[in-house]
Amino acid sequence: MKRIPFLILIVFLISDVSGQTNIMDRPEILDKVDLCLYDIYGFHFTEARQVQSEINELVPEHPVSYFLQALLIYWQNFPLLPGDPEVENFEKSIDMTIALSKPMIESNEFYTEGVFFDMHARAYRSMFWADNGKSAKVLPDLDNMYRNTIKGIDLKESFADFYFSSGLYNYYVDAYVEAHPVYKPVASLFRKGNRAEGLKELEIAIDRSRYIKYEAILFMSLIQLNYERDLGKAEDYAASLYNYFPDNIYFLGQYLIILLHNKNYMVASVLSNKLK
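I will try to describe carefully the structure that is included in this document. Everything numeric here is computed off the predicted structure, so don't read it as measured data. (Residues numbered from 1 in each chain as written. Predicted model: local features only at pLDDT ≥ 70, side-chain atom pairs only at ≥ 80, totals over all residues. Heavy atoms only, no water.)

## Re the side chain of Ser 166
So, step 1. Examined against the element boundaries, Ser 166 turns out to sit in helix H8 (residues 162-179).
So, step 2. The exposure class assigned to Ser 166 is buried, which follows from its relative accessible area of 0%.
So, step 3. Beyond its immediate stretch of four places on either side in the chain, Ser 166 contacts Ile 153, Lys 156 and Glu 201. (Helix = DSSP H or I, 4+ residues; strand = E, 2+ residues; numbered from the N terminus. Buried < 20%, exposed > 50% of the residue type's maximum accessible area, 1.4 Å probe, protein only. Contact = heavy atoms within 4.5 Å.)

## Looking at the packing of aromatic side chains
So, step 1. Under the definition given, this model contains 38 aromatic pairs.
So, step 2. An angle of 85° between the planes, with centres 5.1 Å apart, marks the rings of Phe 116 and Phe 117 as edge-to-face. An identical accessibility class is assigned to Phe 116 and Phe 117; each is buried.
So, step 3. Above the plane of the ring of Trp 129 lies Lys 137, whose end atom (NZ or CZ) is 4.9 Å from the centre. (Phe/Tyr/Trp six-rings, centres within 6.5 Å; stacked < 30°, edge-to-face > 60°. Lys NZ or Arg CZ within 6 Å of the ring centre and 35° of its normal.)

## Some words on the packing of helix H5 (residues 87-105) against helix H6 (residues 111-131)
So, step 1. Contact pair H5 / H6: the axes reach a minimum separation of 8 Å and the direction vectors enclose 155°. Relative to H6, the element H5 lies roughly antiparallel. H6 is crossed by H5, and the crossing has left-handed handedness. The residues of H6 that touch H5, namely those facing Val 87, Phe 90, Glu 91, Ile 94, Asp 95, Thr 97, Ile 98, Ser 101, Met 104 and Ile 105, are Tyr 111, Glu 113, Gly 114, Val 115, Phe 117, Asp 118, Ala 121, Arg 122, Tyr 124, Arg 125, Phe 128 and Trp 129.
So, step 2. Residues belonging to the contact of H5 with H6 are distributed by class as follows: 13 nonpolar, three polar and six charged. (Axes fitted to C-alpha atoms, helices over the stretch in contact; angles between N-to-C directions. Parallel < 35°, antiparallel > 145°, perpendicular 65-115°, else oblique. Left-handed = near helix turned anticlockwise from the far one by under 90°. Nonpolar A, V, L, I, M, F, W, Y, C, P; charged D, E, K, R; others polar.)

## A look at the packing of helix H7 (residues 139-155) against H8
So, step 1. Following both chains from N to C, one finds H7 and H8 inclined at 115°, their axes separated by 8 Å at the closest point. It follows from the interaxial angle that H7 and H8 lie roughly perpendicular. Our pair here, H7 against H8, has a crossing hand that is left-handed. Packed against H7, whose contacting residues are Tyr 146, Thr 149, Ile 150, Gly 152, Ile 153 and Leu 155, the element H8 presents Phe 162, Ser 165, Ser 166 and Tyr 169 at the interface.
So, step 2. Split by residue class, the contact of H7 with H8 holds six nonpolar, four polar and no charged.

## What to know about the pattern of salt bridges
So, step 1. Per the counting criterion, the structure on display carries 15 salt bridges.
So, step 2. When the shortest N-O distance is used, the salt bridge between Arg 26 and Glu 28 registers 2.6 Å.
So, step 3. On the basis of relative accessibility, which here comes to 38%, the residue Glu 28 falls in the partly exposed class.
So, step 4. As a salt-bridge pair, Arg 191 and Asp 154 come within 3.8 Å of each other at their nearest N and O atoms. Note that Arg 191 is positioned in the loop between helix H9 (184-187) and helix H10 (195-208) and Asp 154 in helix H7, a separation of 37 residues in sequence.
So, step 5. Take Arg 191: its relative accessible area is 36%, and that puts it in the partly exposed class.
So, step 6. Among the charged side chains, a salt-bridge network with shared partners connects Glu 91, Asp 95, Asp 118, Arg 122, Arg 125 and Asp 141. (Salt bridge = Lys/Arg side-chain N within 4 Å of Asp/Glu carboxyl O.)

Okay, structure coming up:
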(Lines give C-alpha, C1' and ligand atoms only; values in the text may rest on other atoms or scores of the structure.)
Protein backbone atom coordinates (compact mmCIF):
# COMPACT_ATOMS: atom_id res chain seq x y z
CA MET A 1 0.00 0.00 0.00
CA LYS A 2 1.50 3.34 -1.01
CA ARG A 3 1.48 6.40 1.21
CA ILE A 4 -0.23 9.33 -0.56
CA PRO A 5 1.10 12.81 0.36
CA PHE A 6 -2.28 13.87 1.72
CA LEU A 7 -1.58 17.60 1.91
CA ILE A 8 -0.71 17.87 -1.77
CA LEU A 9 -3.83 15.82 -2.44
CA ILE A 10 -5.82 18.65 -0.87
CA VAL A 11 -4.40 21.18 -3.32
CA PHE A 12 -4.75 19.23 -6.52
CA LEU A 13 -8.23 17.81 -5.93
CA ILE A 14 -9.73 21.23 -5.24
CA SER A 15 -10.52 23.30 -8.65
CA ASP A 16 -19.31 26.37 25.56
CA VAL A 17 -16.29 23.89 25.79
CA SER A 18 -17.20 22.39 29.17
CA GLY A 19 -15.40 19.20 30.10
CA GLN A 20 -12.54 19.73 27.64
CA THR A 21 -8.94 19.98 28.68
CA ASN A 22 -5.76 21.46 27.29
CA ILE A 23 -3.58 18.38 27.55
CA MET A 24 -0.43 20.29 26.59
CA ASP A 25 -0.35 21.39 30.24
CA ARG A 26 -0.80 17.83 31.54
CA PRO A 27 2.58 16.04 31.38
CA GLU A 28 1.14 12.86 32.88
CA ILE A 29 -1.26 12.59 29.93
CA LEU A 30 1.39 13.52 27.37
CA ASP A 31 3.60 10.73 28.69
CA LYS A 32 0.74 8.28 28.12
CA VAL A 33 0.22 9.66 24.60
CA ASP A 34 3.89 9.07 23.86
CA LEU A 35 3.68 5.53 25.17
CA CYS A 36 0.49 4.77 23.25
CA LEU A 37 1.97 6.03 19.98
CA TYR A 38 5.13 4.01 20.55
CA ASP A 39 3.09 0.87 21.15
CA ILE A 40 0.87 1.49 18.10
CA TYR A 41 3.76 1.97 15.69
CA GLY A 42 5.63 -0.86 17.39
CA PHE A 43 2.71 -3.25 16.75
CA HIS A 44 2.20 -3.83 20.48
CA PHE A 45 -1.54 -3.50 20.17
CA THR A 46 -2.66 -4.99 23.48
CA GLU A 47 -0.47 -2.54 25.35
CA ALA A 48 -1.56 0.34 23.12
CA ARG A 49 -5.24 -0.45 23.71
CA GLN A 50 -4.72 -0.39 27.47
CA VAL A 51 -2.96 2.99 27.43
CA GLN A 52 -5.53 4.46 25.02
CA SER A 53 -8.30 3.39 27.42
CA GLU A 54 -6.48 5.05 30.32
CA ILE A 55 -6.23 8.29 28.34
CA ASN A 56 -9.92 8.13 27.51
CA GLU A 57 -10.77 7.77 31.20
CA LEU A 58 -8.63 10.79 32.09
CA VAL A 59 -9.89 13.11 29.31
CA PRO A 60 -13.08 11.58 27.83
CA GLU A 61 -14.11 14.84 26.14
CA HIS A 62 -10.77 15.43 24.43
CA PRO A 63 -10.25 14.25 20.81
CA VAL A 64 -6.84 12.72 21.55
CA SER A 65 -8.15 9.34 22.72
CA TYR A 66 -10.34 8.92 19.64
CA PHE A 67 -7.49 9.99 17.36
CA LEU A 68 -5.28 7.36 18.99
CA GLN A 69 -8.09 4.81 18.64
CA ALA A 70 -8.31 5.51 14.90
CA LEU A 71 -4.55 5.06 14.53
CA LEU A 72 -4.69 1.85 16.53
CA ILE A 73 -7.43 0.41 14.31
CA TYR A 74 -5.57 1.47 11.16
CA TRP A 75 -2.27 -0.14 12.14
CA GLN A 76 -3.66 -3.23 13.86
CA ASN A 77 -5.54 -4.07 10.66
CA PHE A 78 -2.82 -2.92 8.26
CA PRO A 79 -3.36 -2.84 5.38
CA LEU A 80 -6.85 -1.63 6.21
CA LEU A 81 -9.06 -2.18 3.15
CA PRO A 82 -12.50 -0.69 2.32
CA GLY A 83 -14.30 -4.01 2.78
CA ASP A 84 -12.80 -4.76 6.20
CA PRO A 85 -15.27 -4.82 9.12
CA GLU A 86 -13.04 -2.50 11.17
CA VAL A 87 -13.44 0.36 8.66
CA GLU A 88 -16.72 1.31 10.36
CA ASN A 89 -14.99 1.68 13.75
CA PHE A 90 -12.11 3.54 12.12
CA GLU A 91 -14.52 6.08 10.61
CA LYS A 92 -16.47 6.40 13.87
CA SER A 93 -13.23 7.19 15.71
CA ILE A 94 -12.34 9.81 13.09
CA ASP A 95 -15.83 11.31 13.32
CA MET A 96 -15.59 11.53 17.12
CA THR A 97 -12.19 13.20 16.86
CA ILE A 98 -13.63 15.82 14.50
CA ALA A 99 -16.77 16.31 16.61
CA LEU A 100 -14.77 16.91 19.80
CA SER A 101 -12.37 19.21 17.95
CA LYS A 102 -15.17 21.50 16.77
CA PRO A 103 -15.94 23.24 20.09
CA MET A 104 -12.20 23.53 20.75
CA ILE A 105 -11.73 25.40 17.47
CA GLU A 106 -14.56 27.73 18.48
CA SER A 107 -12.78 28.66 21.72
CA ASN A 108 -9.64 30.71 22.32
CA GLU A 109 -8.16 28.47 25.00
CA PHE A 110 -8.27 25.22 23.01
CA TYR A 111 -8.12 26.60 19.46
CA THR A 112 -4.66 25.33 18.49
CA GLU A 113 -5.25 21.76 19.64
CA GLY A 114 -8.67 21.74 18.00
CA VAL A 115 -7.24 22.75 14.62
CA PHE A 116 -4.54 20.10 14.90
CA PHE A 117 -6.84 17.19 15.70
CA ASP A 118 -9.49 18.20 13.18
CA MET A 119 -6.93 18.50 10.39
CA HIS A 120 -5.04 15.30 11.10
CA ALA A 121 -8.14 13.20 11.68
CA ARG A 122 -9.47 14.27 8.28
CA ALA A 123 -6.04 13.78 6.73
CA TYR A 124 -5.69 10.23 8.07
CA ARG A 125 -9.13 9.32 6.75
CA SER A 126 -8.34 10.90 3.39
CA MET A 127 -5.06 9.03 3.21
CA PHE A 128 -6.88 5.76 3.89
CA TRP A 129 -9.39 6.32 1.08
CA ALA A 130 -6.80 7.70 -1.37
CA ASP A 131 -4.43 4.79 -0.75
CA ASN A 132 -7.32 2.47 -1.60
CA GLY A 133 -8.16 4.26 -4.84
CA LYS A 134 -11.34 5.91 -3.52
CA SER A 135 -10.52 9.55 -4.25
CA ALA A 136 -14.18 10.58 -4.34
CA LYS A 137 -14.41 9.70 -0.64
CA VAL A 138 -11.74 12.33 0.05
CA LEU A 139 -13.72 15.26 -1.36
CA PRO A 140 -15.90 16.06 1.70
CA ASP A 141 -12.83 16.74 3.87
CA LEU A 142 -10.70 18.70 1.40
CA ASP A 143 -11.87 22.22 2.17
CA ASN A 144 -11.49 21.81 5.95
CA MET A 145 -8.08 20.20 5.56
CA TYR A 146 -6.75 22.95 3.32
CA ARG A 147 -8.00 25.76 5.57
CA ASN A 148 -6.60 24.09 8.69
CA THR A 149 -3.30 23.39 6.94
CA ILE A 150 -2.93 27.11 6.23
CA LYS A 151 -3.91 27.93 9.82
CA GLY A 152 -1.31 25.42 11.01
CA ILE A 153 1.47 27.19 9.12
CA ASP A 154 0.82 30.23 11.30
CA LEU A 155 0.51 28.16 14.50
CA LYS A 156 3.68 26.08 14.23
CA GLU A 157 5.70 28.25 16.61
CA SER A 158 3.22 27.56 19.41
CA PHE A 159 2.55 23.89 18.56
CA ALA A 160 5.53 22.06 17.09
CA ASP A 161 3.50 19.28 15.46
CA PHE A 162 2.31 21.82 12.89
CA TYR A 163 5.84 21.86 11.47
CA PHE A 164 4.91 18.53 9.90
CA SER A 165 1.89 19.77 7.93
CA SER A 166 3.63 23.07 7.15
CA GLY A 167 6.72 21.22 5.95
CA LEU A 168 4.74 18.86 3.74
CA TYR A 169 2.76 21.72 2.24
CA ASN A 170 5.79 23.91 1.57
CA TYR A 171 7.77 21.03 0.11
CA TYR A 172 5.17 19.34 -2.08
CA VAL A 173 3.62 22.49 -3.53
CA ASP A 174 7.04 23.21 -5.04
CA ALA A 175 8.39 19.70 -5.66
CA TYR A 176 5.20 18.15 -6.99
CA VAL A 177 4.62 20.97 -9.46
CA GLU A 178 8.23 20.76 -10.59
CA ALA A 179 7.78 17.04 -11.25
CA HIS A 180 4.31 17.54 -12.80
CA PRO A 181 4.28 20.96 -14.55
CA VAL A 182 0.70 20.43 -15.75
CA TYR A 183 -0.41 21.43 -12.24
CA LYS A 184 1.26 24.87 -12.31
CA PRO A 185 -1.97 26.76 -13.13
CA VAL A 186 -3.74 25.04 -10.22
CA ALA A 187 -0.88 25.66 -7.80
CA SER A 188 -0.90 29.38 -8.62
CA LEU A 189 -4.32 29.62 -6.93
CA PHE A 190 -2.94 28.56 -3.56
CA ARG A 191 -0.42 29.79 -1.03
CA LYS A 192 3.11 29.50 -2.42
CA GLY A 193 5.39 26.77 -1.18
CA ASN A 194 9.11 26.66 -0.50
CA ARG A 195 10.91 23.38 -1.10
CA ALA A 196 14.00 24.15 1.00
CA GLU A 197 11.90 25.58 3.83
CA GLY A 198 9.70 22.50 3.76
CA LEU A 199 12.67 20.21 4.33
CA LYS A 200 13.83 22.35 7.25
CA GLU A 201 10.37 22.25 8.80
CA LEU A 202 10.15 18.48 8.47
CA GLU A 203 13.48 18.20 10.30
CA ILE A 204 12.04 20.36 13.09
CA ALA A 205 8.96 18.12 13.18
CA ILE A 206 11.20 15.07 13.58
CA ASP A 207 13.06 16.73 16.46
CA ARG A 208 10.20 18.44 18.26
CA SER A 209 6.77 17.00 17.40
CA ARG A 210 4.91 14.68 19.74
CA TYR A 211 1.99 13.14 17.84
CA ILE A 212 3.49 12.70 14.37
CA LYS A 213 7.24 12.41 14.84
CA TYR A 214 7.31 8.99 13.18
CA GLU A 215 5.14 10.07 10.25
CA ALA A 216 7.62 12.92 9.72
CA ILE A 217 10.53 10.46 9.58
CA LEU A 218 8.59 8.26 7.14
CA PHE A 219 7.80 11.13 4.80
CA MET A 220 11.40 12.34 4.88
CA SER A 221 12.58 8.90 3.77
CA LEU A 222 10.02 8.91 0.92
CA ILE A 223 10.93 12.47 -0.12
CA GLN A 224 14.64 11.65 -0.21
CA LEU A 225 13.92 8.53 -2.27
CA ASN A 226 11.34 9.85 -4.73
CA TYR A 227 12.09 13.56 -5.11
CA GLU A 228 15.53 14.48 -3.75
CA ARG A 229 17.06 11.27 -5.11
CA ASP A 230 19.40 11.07 -2.13
CA LEU A 231 19.51 7.32 -1.44
CA GLY A 232 21.92 7.72 1.47
CA LYS A 233 19.58 10.01 3.39
CA ALA A 234 16.56 7.94 2.40
CA GLU A 235 18.22 4.86 3.88
CA ASP A 236 19.20 6.72 7.06
CA TYR A 237 15.61 7.80 7.75
CA ALA A 238 14.18 4.38 6.88
CA ALA A 239 16.77 2.67 9.09
CA SER A 240 15.85 4.99 11.93
CA LEU A 241 12.20 3.99 11.69
CA TYR A 242 13.06 0.31 11.45
CA ASN A 243 15.34 0.54 14.48
CA TYR A 244 12.56 2.23 16.45
CA PHE A 245 9.95 -0.30 15.35
CA PRO A 246 11.42 -3.57 14.00
CA ASP A 247 8.00 -5.30 14.16
CA ASN A 248 6.22 -2.74 11.97
CA ILE A 249 5.83 -4.50 8.62
CA TYR A 250 5.19 -1.30 6.67
CA PHE A 251 8.33 0.40 7.97
CA LEU A 252 10.29 -2.79 7.30
CA GLY A 253 8.95 -2.93 3.75
CA GLN A 254 9.93 0.69 3.06
CA TYR A 255 13.40 0.04 4.46
CA LEU A 256 13.81 -3.02 2.21
CA ILE A 257 12.77 -1.03 -0.88
CA ILE A 258 15.37 1.63 -0.16
CA LEU A 259 18.06 -0.97 0.61
CA LEU A 260 17.42 -2.54 -2.79
CA HIS A 261 17.60 0.86 -4.50
CA ASN A 262 20.92 1.34 -2.74
CA LYS A 263 22.10 -2.10 -3.85
CA ASN A 264 22.57 -3.06 -0.22
CA TYR A 265 21.57 -6.62 -1.00
CA MET A 266 23.20 -8.33 1.98
CA VAL A 267 21.24 -6.37 4.61
CA ALA A 268 18.09 -6.62 2.49
CA SER A 269 18.45 -10.38 2.28
CA VAL A 270 18.80 -10.75 6.05
CA LEU A 271 15.84 -8.48 6.80
CA SER A 272 13.61 -10.04 4.14
CA ASN A 273 13.57 -13.24 6.20
CA LYS A 274 11.40 -11.40 8.75
CA LEU A 275 8.60 -11.25 6.17
CA LYS A 276 8.41 -15.03 5.76
